[in-house]
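Tertiary structure, described
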Amino acid sequence: MKAPGKTTLARMQRTAMLEAERIEITQDYWVKDGRIKEPEPHLVERRDDFAGMVRLIDAINSDQDLLERLKRRMAALAAESAPAPTTETPAEDGAADDSEASE
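Figured I'd write up the structure that's included with this text. (Residues numbered from 1 in each chain as written. Predicted model: local features only at pLDDT ≥ 70, side-chain atom pairs only at ≥ 80, totals over all residues. Heavy atoms only, no water.)

**Considerations on the pattern of salt bridges**
Inspection of every chain in the model, using the stated rule, returns four salt bridges. One salt bridge in this structure joins D33 and R35, with 3.1 Å as the shortest N-O distance. In this structure R35 comes out as exposed when scored by relative accessible area, which is 54%. Between R47 and D48 there is a salt bridge, and its shortest N-O distance comes to 2.7 Å. Assessed through its relative accessible area of 23%, R47 is described here as partly exposed. The exposure class of D48 is partly exposed, given its relative accessible area of 36%. (Salt bridge = Lys/Arg side-chain N within 4 Å of Asp/Glu carboxyl O. Buried < 20%, exposed > 50% of the residue type's maximum accessible area, 1.4 Å probe, protein only.)

**Digging into helix α2 (residues 41-62)**
A rise of 1.5 Å per residue sets the reference length of α2, with its 22 residues, at 32 Å; its end C-alpha atoms lie 31 Å apart and thus fit the reference within 8%. Listed as buried for α2 are L43, V54, I57 and I60. One side of α2 carries all its buried residues, which in axial view fall inside an arc of 130 degrees. Seen from the open side of α2, the exposed residues pointing more than 90 degrees away from its buried face are P41, E45, R55, L56 and S62. Those residues of α2 that are buried are in contact with α1 (9-33) and α3 (64-81). (Helix = DSSP H or I, 4+ residues; strand = E, 2+ residues; numbered from the N terminus. Expected span 1.5 Å × (residues − 1). Arc of directions from axis to C-beta. Contact = heavy atoms within 4.5 Å.)

This is the structure:
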């Protein structure tokens, strides 16, 4: 799988909010429909975790100093994880790599 792409706090917050709502709506429907007697505890915990992420992002966005520090740190982490440019040239004999990773 390829590495995760860029995102924003707003996108992360919206995704967490939508997922929390989806879990809640689904569990409420299944209880009402009689499929389950009560919401499944591990899914309620997951919903609560997503709701916590929404509140965390709200807290980050409400503190400009914290937001700037976070942006600087994320930029530094991105620079650290960026692949180093290689100076190698492909083999001139045209030999193919037989490993599974190259397929």
